[in-house]
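# Analysis of the macromolecular model
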Amino acid sequence: MVIPQAPLPQTSSLPKPTDMSNGSRAASEPNEDLARAIEMLESASSVTVLCHVQPDADTIGSGLALGSVLERRGARVQVAFATPSSLPESMDELPGRHLLVDADKVAEVVDLVVTVDAGSRDRLGSLGDRLDSASGSLVIDHHRSNTHFGTVNVVFASAESTTAVIAHLLDQWGVEIDADLAHLLFAGLVTDTGSFRWVRPGSHLLAERLLATGIDGAHIARRLLDTHPFNWLPMLGAVLGSATLLPDAADGGGLVYAVIRSQDAVGLRSEEIESVIDIVRTTSEAEVAAVLKQQDFGSVWVVSLRSKTEVDVSAVACSLGGGGHRNAAGYTAAGALDDVVDALRGALSTS
């Protein structure tokens with residue numbers, strides 16, 4: 001079954017293909033870049049699609065969806081990410097996984113390199129150099145902080161996920177979205193909206209379009225968001241026990257942070273570690289939540305930030321070398337833990 005490309009009766013309220021797939025068209029929507037992107041995709045015979053490091057379902061879903069379409073059109077396609085060495089287990093049911101290749105197997109030279117859901121070249125890790133040897137590069141993303149590092153950049157900051165941008169691109173390209181593509185696009189949509197807790201006008205319309213192909217949305221969401229190994233529970237207990245509330249931070253809005261040390265994360269998958277921020281952020285006394293994740297028992301910390309309404313954490317993250325969205329962002333810091341926390345507090349006071 002495929003998604004209808006013509007408007008349905010008013011009772012269905014599905015968005016027209018000529019509208020932004022998430023239902024909200026930004027005034028600055030880059031239509032010219034979108035047309036150029038489609039031209040690049042149509043003319044390329046060899047394509048590498050790069051996802052960001054520590055991949056989530058939005059980058060993988062976007063990469064595999066676009067890769068699958070290109071493969072069907074006869075292009076030679078590889079989809080890859082630099083780290084970790086294997087796909088997160090929660091994504092092992094996604095269609096199109098045969099397109100994934102190990103980082104050290106990624107072609108040195110291709111017609112086109114496409115990056116999906118990566119706000120900057122740094123987010124590609126060791127595979128960032130593939131941009132230099134390709135004939136052209138295409139950046140597809142929804143992060144407002146995107147640095148526009150491609151030959152052509154299709155960045156819709158009004159979209160709730162990069163898979164929503166891919167859905168719009170496929171509509172404009174005239175590609176019918178079948179169940180396999182819908183599965184991939186829904187994976188990014190449901191995770192980046194937190195099971196539709198953080199939605200925008202049109203989010204549910206896109207979900208309805210995708211579910212109309214017959215995919216099992218409940219199963220996809222459960223597999224991606226609500227399935228954890230038993231070892232996640234003791235890790236969660238240890239980490240939440242480290243939680244600290246700083247009520248005066250963020251100009252009185254409050255900051256709550258928790259620390260995941262390397263010994264807490266032994267044997268756990270990256271997605272288990274990333275899930276902690278969504279628990280810490282529920283603290284009612286804090287506008288901003290942070291989780292600081294120690295890397296390899298050293299002095300490097302990957303920091304995830306979330307805010308409720310008032311604080312633009314993308315600006316905070318950018319000031320500290322990272323980026324992201326207004327209410328969800330992150331960065332990497334080096335140094336003693338207390339110094340990293342102090343730097344975060346300082347950035348929050350000037351945001």
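Before reading on, note that the structure itself is shown above.
Residues numbered from 1 in each chain as written. Predicted model: local features only at pLDDT ≥ 70, side-chain atom pairs only at ≥ 80, totals over all residues. Heavy atoms only, no water.

## With respect to the overall build of the chain
- Counting its regular elements, the chain contains twelve helices and eleven strands.
- For the chain, whose C-alpha radius of gyration is 20 Å, the value lies close to the compact-globule estimate of 20 Å for 351 residues.
- For the chain, the C-alpha atoms occupy an extent of roughly 55 × 50 × 40 Å along the three principal directions.
- Put simply, the chain has 351 residues, and 54% of those count as buried.
- The contacts in the chain between residues at least 6 apart in sequence include a share of 67% that link residues at least 24 apart. (Helix = DSSP H or I, 4+ residues; strand = E, 2+ residues; numbered from the N terminus. Rg over C-alpha atoms; globule rule 2.2 N^0.38 Å. Buried < 20%, exposed > 50% of the residue type's maximum accessible area, 1.4 Å probe, protein only. Contact = heavy atoms within 4.5 Å.)

## Comments concerning the sheet that holds strand β1 (residues 46-51)
- Here we have five strands laid out as an open sheet, ordered β2-β1-β3-β4-β5, and parallel in their pairing. Bordering the open sheet on either side are β2 (76-80) and β5 (152-155), each of which pairs with just one other strand. When the angles between neighbouring strand axes are averaged without regard to direction, this sheet yields 15°.
- Note that β1 and strand β3 (residues 112-116) share five bridges and pair parallel. Counted as the bridge partner of V47 is L112 from β3.
- Sheet strands touched by helix α1 (residues 31-43): β3, β4 (136-141) and β5. Its angle to β5, the strand with the most contacts, is close to 120°.
- Helix α4 (residues 162-173) contacts β3, β4 and β5 of the sheet and is inclined by roughly 115° relative to β4. (Pairing = 2+ DSSP bridges. Axes fitted to C-alpha atoms, helices over the stretch in contact; angles between N-to-C directions.)

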